[in-house]
Structures are given as structure tokens and as C-alpha cells.
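Topology and contacts: notes
Below, each chain spelled out in residue letters.
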Amino acid sequence: MEEKRVRAKKLVSKLGSVSESMRSEAICELRMISKQDPESRALIADAGAIPYISEFLYSPSSLCQENAAAALLNLSISDRESLMSTRGILDALSHALRNPTSPSAAQSVAATIYSLLLVENYRSIIGSKRDILYALVDILRPSPNSVSRTVKDALKALFGICLYPLNRASVIELGCVPALFSLILKDGRVGLVEDATAVIAQVAGCEEAPDAFGKVSGIEVLIDLLDMSTGSSPRTKENSVSALLNLAQCGGEKVVEHIKESGFWLFEGIQDVAQNGQTSSKGKSKAMALLKLLGAASSADKDATMIMKHHHQHHDHNNNNNNNSRWSRDSWTDYCSSSSS
């Protein structure tokens, strides 16, 4: 252990060298050590490396910024407190997130932020940094340089941020709702849709959500995801149920009526989650709570055939209503068929 401590101190001293090549070699080596040897992470932090490493996030060199971002990610796994107690660390992470020299650097920074958000007390602190929130939302927007892994890590970070209720209004104000629904409709990859709907479910739990969702036909999209014919994954369906439940609870009777009028096939989808939810018992209980809120069921034993009957009785009327919807069931089905990869 002492040998590792001495090695860490030597590398940290090199980070302060006037030689650019020596600094680059040191940050590269610290990245590798922090990845391969978990025991060394605390030693590297104790040697005072984090302030030096964070400065490399401002580097115009893609290699230096990548190595610094990756090293901080590795250190955050074992020593989140040392990162958060470093002066200017969030500003440095924000800069690299907004000005990444490579997709790899952006991904590591987003992953580092998510790692820090695993600590409940840090969620309000990070959520107060609007430049970080905006940068994460911006990653979700369509771009020719968009990388799936970076988008996934940005979604995870936004999920962690939205676990703190007071952050939800902020991300809505910064445009996360249209960005999330655009990602679902224009990408369509199962993993990204699952992660996006998980964030949507969290965002839905605030007073500002109903208006924001209404502007992008969000309720209709969530209902389409519950339609049995779209082939949504079990996790996506459970997330959609959770989002609709949160919206209904925050938006009151007006939102409840909107959900009811948007598609009668939704009862079939909710009932399927209530009876056959595969990812968690919590998903089943939320589905039952939503059915009860919508007046479609009074207990977990409600017969699904009653809902199916209700669905078929109103099928023609509902098709007419949904021809005017921005995202009809048929258009969503066609989209999924054409976008599968």
C-alpha cells in the first residue's frame, strides 16, 4: 500500500509540472491506475490530485480532457465526497459538458455527474447549476454527432437530478420535455426509450408538468406506448404508467379527463401492467392506482375482459378522436416499424 501511495504522490507532482508532455503522461497514467486498481483511488484523492485533474477539463486537447474526465469518473466511484468538496469541480464538469473535445469526454463527464447524484444530499446542489442541467438536456436533442452512450448517461444524470422534486420545474423550464419526447419518437431504440420514459415519469411529478406535456402531446405519446400493438418493452410500459399517474395526481381532474378521452385502448395496456408487470411490484401497484384514479377498476382482481369490452364499444368513436391527435396510435406503430434497427 505504501508503494502505491508514493506512486500516487509522484504522479500528482508531475501534474504540476511546467512540462506539458509530463502533465499529459501523468494524467494518462492516473486514468489507467484509477481504472485498474480500486485501492489506489483514495490514495490518488488524498495526494491532492482532484484539483489538478479538474483543471484538465478546460484543456483544448481532446486526449487530456478525455483522460481527465475518465479519471474523475473512476475516482467518483469510490470517493464522491472528495470530488464534491473540491472547489470549482462542478464548474469544470459543466465546462467540459458544454465544450467537449470528443464524445468520449462528454460521456465520461455525464457519467461522473450521475455518479455524484447517487448521493442524495448532492442532488439539490447539482440541480442548482442550471448550466449543467441545460447541457444535459442539450445532449438529448438531435445532432449528427450524437452518440448513444453519451445520451444514455445524460438520461441517467437527468433521472438522478429529478429525484429531487424541486429540480423538476427547472429542467422543464430548460426544455427537457420536448427533448425527451423527441428522443422517443425520432430514435426509438429500446434502451433509450426505456431510459427516456424513466426520466419522463420523474419529471411528470410536479405542477408544471401538465402544461409542458400538453404542448408536445405527451399524454397521447405515453398512451400509445401502452397500446399492445406497439410492442413496447415491459419497462417502458411501467414507466409510462408511472408518468400518467404522476401527471394525473399533479394535474387533477382536468388531466384525468384528458387521459380518459385520449384513448380507450389505454385501459387494456394499464391492466396488462397491473396483472403482468415484469420489472417490479411497484409497477403493478402504480398501474392499479392509475386504474382506480381513472375509475376503471376498484380492486386488483378487476376482470380484464370488462375493460376489453369497454375498449371495443368505444373503438370507432376513439379512432375518430385520435385522427386529430399529433401522435396517433397508427402513426406511432408506423414509426416503430420504420425506425427499428
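Quick summary incoming for the structure in this document. Per chain, residue numbering runs from 1 following the sequence as it is written. Residues qualify for local features only when their pLDDT is at least 70, as the model is predicted, and side-chain atom pairs are given and counted only at 80 or more; totals for whole chains, interfaces and linings, by contrast, use all residues. Each side-chain value is derived from all of the structure's non-hydrogen atoms; neither hydrogens nor water enter the calculation.

1. Some details on helix α11 (residues 148-162)
An α-helix turns once every 3.6 residues. As a result, residues three or four positions apart point the same way. Applied cut-off: Where helices and strands are cited, they refer to DSSP runs of H or I of at least four residues and of E of at least two residues respectively, numbered from the N terminus. Any helix carries an expected span of 1.5 Å times its number of residues minus one. Throughout, a residue-residue contact means that at least one pair of heavy atoms, one from each residue, lies within 4.5 Å.
Its 15 residues give α11 an end-to-end C-alpha distance of 21 Å, which sits within 8% of 21 Å, the value for a rise of 1.5 Å per residue. As for α11, its buried residues are in contact with α8 (103-117), α9 (123-127), α10 (130-140), α12 (168-173), α13 (176-186) and α14 (190-203).

2. What to know about the packing of aromatic side chains
Here the distance between the centres and the angle between the planes together describe a pair of aromatic rings. Filter applied, for reference: Pairing of aromatic rings covers Phe, Tyr and Trp, the last counted by its six-membered ring, and requires centre-to-centre distances within 6.5 Å; plane angles under 30 degrees mean stacked, over 60 mean edge-to-face, and any other angle means tilted. Only protein chains enter the accessibility calculation, which uses a 1.4 Å probe; a residue is then buried when its area is under 20% of its type maximum, exposed when over 50%, and partly exposed in between.
Taken as a whole and judged by the stated rule, the model has 1 aromatic pair. Measuring from ring centre to ring centre gives 5.4 Å for F181 and F213, while their planes differ by 85°; the resulting arrangement is edge-to-face. Taken together, the positions of F181 in helix α13 and F213 in helix α15 (residues 209-215) put the pair 32 residues apart, joining distant regions of the chain. Neither F181 nor F213 differs from the other in exposure class; each is buried.

3. So, the environment of L192
With respect to the helices and strands, the residue L192 is situated in helix α14. Once the C-alpha coordinates of L192 and L180 are considered, the two residues, 12 residues apart in sequence, prove to be 9.9 Å apart. Not counting chain neighbours up to four residues away, the residues in contact with L192 comprise S148, V151, K152, L155 and D187.

4. Considering the packing of α13 against α14
Test applied: An axis is simply a line fitted to the C-alpha atoms; with a helix, the fit covers only the stretch in contact. Between two such axes, the angle follows the N-to-C directions and lies from 0 to 180 degrees. By the definition adopted for this analysis, an angle is roughly parallel if under 35 degrees, roughly antiparallel if over 145, roughly perpendicular if from 65 to 115, and oblique otherwise. Should the near helix be turned counterclockwise from the far one by less than a right angle, the crossing is left-handed, whereas a clockwise turn marks it as right-handed. Under the scheme applied here, ten amino acids are nonpolar (Ala, Val, Leu, Ile, Met, Phe, Trp, Tyr, Cys and Pro), four are charged (Asp, Glu, Lys and Arg), and all others, including Gly, are polar.
Axis separation between α13 and α14 bottoms out at 9 Å; the angle between their running directions is 150°. Compared by their axis directions, α13 and α14 come out roughly antiparallel. Of the two elements, α13 crosses α14, and the hand of that crossing is left-handed. Every residue of α14 that contacts α13 at C176, V177, L180, F181, L183 and I184 is listed here: V193, A196, T197, V199, I200 and V203. Across the contact of α13 with α14, the residue classes tally to 11 nonpolar, 1 polar and no charged.

Purely geometric numbers; function is a separate question.
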